[in-house]
Amino acid sequence: MKRKLNIVILLLGILIPQANYAQVDFNKRPNDDLGDVEDMFQENFFEALKQSGIENHQRAIDALLKCEKLDNSKTVVYYELGKNYIALKNFGAAEDALKKATSKEPENEWYLDQLYEVYNLQNDTDKAIKTVKQLVKYHPDYRQDLASLYIKAKKYKDALKILDDLDAEFGVNQDRDYLRNEIYNLTGNDDDRIENLEERVKANPGNETNYLNLIYRYSETGDTKKAFETAKELLKIHPESRLVHLALYKFYLDANEPKNAILSMKTVLQSPEINPDAKAKVFNDFVNFVSKNPEYEKDLIEITALIDTDKSTKTLTELGQYYLKLNDKPKALQYFEEALKQDTKNFTIIKDVLLLQLDLNMDDKVVAKSKETIELFPAQPILYLINGVANNKLKQPKKAIESLETGLDYVIDDAKMEADFYTQLSLAHKLNNNITKSEAFTKKAEALIKQQQ
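Residues numbered from 1 in each chain as written. Predicted model: local features only at pLDDT ≥ 70, side-chain atom pairs only at ≥ 80, totals over all residues. Heavy atoms only, no water.

## A few points about the confidence of the model for the protein
With 91% of its residues at a pLDDT of 70 or more, the protein has an overall mean of 87. Here residues 1–34 is modelled with pLDDT under 50, and outside its nearest four sequence neighbours on either side it reaches 48 contacts, counting other chains as well. (pLDDT = per-residue confidence, 0-100. Contact = heavy atoms within 4.5 Å.)

As structure tokens, this is what we get:
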């Protein structure tokens, strides 16, 4: 809703009586029939403005009510009363005051706008619609407000009619498109949505955004054939387009055209106008594709080099998972460690790094990192288990026992992990030459394993 400038300055001429300044003694208070009344009115009115300015709204109202008693013909009094009642959330009184103002000046835009605000604050859609219909003659913004109100009132056809008229008059607009899509979402009318976009493409084939929106909507409704055709048509009209490749690579993959898909992905990943999140999604899709089609690993390596300085945490973890599937643990660890540099407190990545370091016999690093991480996540039993395993491998049984006994207290309803703790405790006590305890923990581990079988 439009915000109106304060109109008080404009009305000073109404409030201050005209006088023959050459004949007036300004040190003498006028005492003619209206002089005292006018002075008292002005004194109270400006007191009201002062109190309103310092947000003392009740005192402002008291002063304005005195003004009303002195002269109830000045509509600005009711306007100011309405504003102060709104500030106190006394919407009933605000409505009454503003209705008095608009009854005396039905064409006053400021008064109508303030009354519209009262109805909006009360969610009185019907009265708001009636008021905005009076305001639409002043500014197109009010017509857009009317469309929003029609949506609230579930009068979707009326809302669309206004949006169509505004688009025809001023061209398409992001805010109006938002309202239009809200209507289509509420009604589930995808056919009308797509028809509107198709008409836009025909009317303005040079507009890339219209094509992209249509491609998206075709894809959303499952009409991938039309989406693919539209994307290829856009590429013909705009061969320099980069954004279209965000859709094309996926269509090419689905159509089993990997070479074209790879070219589209390279275009996306090298484009500065495409944001990093979108690039990460494209890259992650390609990682998944290569994991199923390893003959294209060379292209993956090439694409990885293209984004070597612009990898997101998600991209790095996807690469780590990919190399983990290939059982290339050193390469997987390299990417997980890079991801951890970007997101140092990500527990999942820390766990992946520790487990890979453990597998690669980097036990000193595991002990140090797991000990450091336990301070961040003291209730995560896997960290104590990893620390215990690493200390056992380093022939540090006492440290292993201390870590394992502490972590065991955090194991809840996880028989497999509990059995792993007992197995490592058995090994630690054996290394510490306590065979009796070692055998006892072995039996506990075997009992839990049997329960799971």
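Read on, since the account is not over.
## Let's talk about the environment of Leu427
Counting through the fold element by element, Leu427 comes out in helix H24 (residues 415–431). Given a relative accessible area of 37%, Leu427 falls into the partly exposed group. Here the alpha-carbon distance between Leu427 and Leu333, two residues 94 residues apart in the chain, equals 27 Å. (Helix = DSSP H or I, 4+ residues; strand = E, 2+ residues; numbered from the N terminus. Buried < 20%, exposed > 50% of the residue type's maximum accessible area, 1.4 Å probe, protein only.)

## A word on the layout of surface pockets
Of the voids in this model, the second largest pocket is the one considered here, and its volume is about 390 Å³. Counting residues per element, the ones that place at least two in the lining of the second largest pocket are helix H12 (208–220), helix H14 (245–254) and helix H16 (276–292). The element contributing the most residues to the lining of the second largest pocket is H14, with 6 residues. For the lining of the second largest pocket, a count of residues per class yields 11 nonpolar, 2 polar and 3 charged. (1 Å grid on protein atoms, 1.4 Å probe; cavity = no way out; pocket = protein on both sides within 12 Å on 5 of 7 lines; lining within 4 Å. Points joined across faces, edges and corners; volume = space filled by probe spheres on them. Nonpolar A, V, L, I, M, F, W, Y, C, P; charged D, E, K, R; others polar.)

## Considerations on the nonpolar core
With 73 residues, the main nonpolar core has Ile215, Met265 and Phe286 as its most contacted residues. Every residue in contact with Met265, bar those within four places of it in the chain, is listed here: Tyr249, Val282, Phe286 and Ile303. Formed by 45 residues, the second largest nonpolar core is a distinct cluster that contains Ala48, Cys67, Ala97 and Leu163. (Core = buried A, V, L, I, M, F, W, Y, C linked by side-chain atoms within 4.5 Å.)

## What to know about helix H15 (residues 258–269)
With 12 residues, H15 extends 16 Å between its outermost C-alpha atoms, agreeing within 8% with the 16 Å of an ideal straight helix rising 1.5 Å per residue. Of all the 12 residues making up H15, 9 are buried; the element is thus mostly covered by neighbouring parts of the structure. For H15, every residue scored as buried is listed here: Pro258, Ala261, Ile262, Ser264, Met265, Lys266, Thr267, Val268 and Leu269. (Expected span 1.5 Å × (residues − 1).)

## Describing the packing of aromatic side chains
Evaluation of the coordinates by the stated rule reveals 12 aromatic pairs. Taking 5.5 Å as the distance between ring centres and 35° as the angle between the ring planes, the aromatic pair formed by Phe289 and Tyr296 counts as tilted. Put simply, the rings of Phe41, Phe45 and Phe46 pair up and form one aromatic cluster. Note that Lys331 overlies the ring of Tyr323, its terminal NZ or CZ placed 6.0 Å from the centroid. (Phe/Tyr/Trp six-rings, centres within 6.5 Å; stacked < 30°, edge-to-face > 60°. Lys NZ or Arg CZ within 6 Å of the ring centre and 35° of its normal.)

## Digging into the packing of helix H22 (residues 381–393) against helix H23 (residues 397–408)
Contact geometry for H22 and H23: axes closest at 8 Å, N-to-C directions at 165°. The orientation of H22 relative to H23 falls into the category roughly antiparallel. H22 and H23 meet at a crossing whose hand is left-handed. Residues Pro381, Tyr384, Leu385, Asn387, Gly388, Asn391 and Asn392 of H22 pack against Pro397, Lys399, Ala400, Ser403, Leu404, Thr406 and Gly407 of H23. Taken together, the residues of the contact of H22 with H23 break down into 6 nonpolar, 7 polar and 1 charged. (Axes fitted to C-alpha atoms, helices over the stretch in contact; angles between N-to-C directions. Parallel < 35°, antiparallel > 145°, perpendicular 65-115°, else oblique. Left-handed = near helix turned anticlockwise from the far one by under 90°.)

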